[in-house]
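Next come the chains, spelled out residue by residue.
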Amino acid sequence: MTDISNLRNDLNLTKEDLTLSKSKEFQSFLSKSIEEVGLVRKLERKPLVWLDADENILSAFDKLSGQELLSAPVFCQISKQWVTILDIKDLVKFVVSLFDQENNLVQTIGFEQVSIRTLLTNKNGVFKRQCPMIGKSDSVFNLLDLFYKKFHRVCIAMSDDQMDIKIFSQLSLIKWMDKNKVLGSSGELSLKSLGLFNKDKPLIQIDHKKLAIDAFRLLAENNIYGVPVVNENGELLDNISVIDIKYCKMDKAKLLQPLYEFFYPSVGNAYPIPLRDMIVCAPQTKLREAMGRMAATKVHRIFLVKEVVEAGITQVPINVISVSDIVGSIATIAGIEKFNTR
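Note that this is a predicted model, so its numbers are computed, not measured.

Let's shift gears to the side chain of Arg301. Summarising the element assignment, Arg301 is placed in strand E11 (residues 301-309). One buried charged side chain, Arg301, makes no salt bridge at all; its nearest oppositely charged neighbour is Asp244, positioned 6.9 Å away. A polar side-chain atom of Arg301 sits 3.3 Å from a polar atom in the side chain of Asn239. Excluding residues that lie within four positions of it along the chain, Arg301 makes contacts with Tyr225, Gly226, Asn239, Ser241, Met294, Val320, Ile321 and Ser322.

Structure representation (structure tokens):
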């Protein structure tokens, strides 16, 4: 087995190297059931927030934003089954679709006039994506495999009762793994060695003078959850994410505010100190450290920055690493990519 302590953290490892780096503890963790390792123990006391396929998206929006949720499972009363998951990104895309590229409101249809079914089905009435579902007796490996397949949240059936399900997110997995230290020596790998520091990958960011609707359009067009907000010198000021649509819904005046006023409408042109935590790191930051910072602050992205000395030290973002990126690296270490190519 590869001794990770002897690997240079600035070395880009192959996927085979990463798979070999699995500790026995991590291998054991992957093979156990979700129930056995206690992944859903805390969730058992948490009430399920779910949506009806035929309720309007205003009601759905209020449920998600009111509890700071990024998504919720959708139940169809007609077919009597879980049919899909509504993501806050779906609501952002809907809002953006009402405006043209010049930010003129071209459609006046509102949240209360559109059902979840209308929003999430294709022309044939079929839901565009399924509701990912596994049982609590399934292995952690199976859960990680669904995360690897781009599901950010997975439904876990707790019993034979159809309505007895819990939602487990990628961030929940990171928090659990950070607390229980199951990665072993693989946690010592650097973000750079995991391929998460890519100089050639263009950074998606937005200037603080752009309008809020411009930021949400950028998120919708790139199908991402958040971007860094920078000033004219490229300095990291803040970040905006899809959940921030809760501040405006369909308030056109709010959507047309510049970002430096969007969160802080009374401060004028001077961008204030952000109220939200922005977690920064370096290419040499270890995987376990990055996971720990995400778990402690419950943030969904961290910023790789370079420090620029110019009338003080400023931080310029060069890469954004999301929860999905971290979980993808964990999946690679677990050998899931190799498993899916058999």
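So, next bit.
Glancing now at the pattern of salt bridges. Considering all chains together, one arrives at eleven salt bridges under this definition. For the salt bridge of Arg117 with Asp54, the shortest nitrogen-to-oxygen distance reads 2.7 Å. Of this pair, Arg117 sits in helix H6 (residues 116-120) while Asp54 sits in the loop between strand E1 (51-52) and helix H4 (57-66), and the two are 63 residues apart along the sequence. You can call Arg117 partly exposed: its relative accessible area is 21%. Across the salt bridge formed by Arg288 and Glu188, the nearest N and O atoms sit 2.6 Å from each other. Of the two residues, Arg288 sits in helix H12 (residues 287-297) while Glu188 sits in the loop between helix H8 (170-180) and strand E7 (206-207), which places them 100 residues apart along the sequence. Relative accessible area serves as the criterion here: at 39%, Arg288 is assigned to the partly exposed category. Linked through salt bridges whose partners overlap, the residues forming this network are Glu188, Lys286 and Arg288.

So, how was this worked out
- Residues numbered from 1 in each chain as written.
- Predicted model: local features only at pLDDT ≥ 70, side-chain atom pairs only at ≥ 80, totals over all residues.
- Heavy atoms only, no water.
- Helix = DSSP H or I, 4+ residues; strand = E, 2+ residues; numbered from the N terminus.
- Buried < 20%, exposed > 50% of the residue type's maximum accessible area, 1.4 Å probe, protein only.
- Lys, Arg positive; Asp, Glu negative; His and termini not counted.
- Salt bridge = Lys/Arg side-chain N within 4 Å of Asp/Glu carboxyl O.
- Polar contact = N/O pair within 3.5 Å; in protein donor to acceptor, adjacent residues only side chain to side chain.
- Contact = heavy atoms within 4.5 Å.

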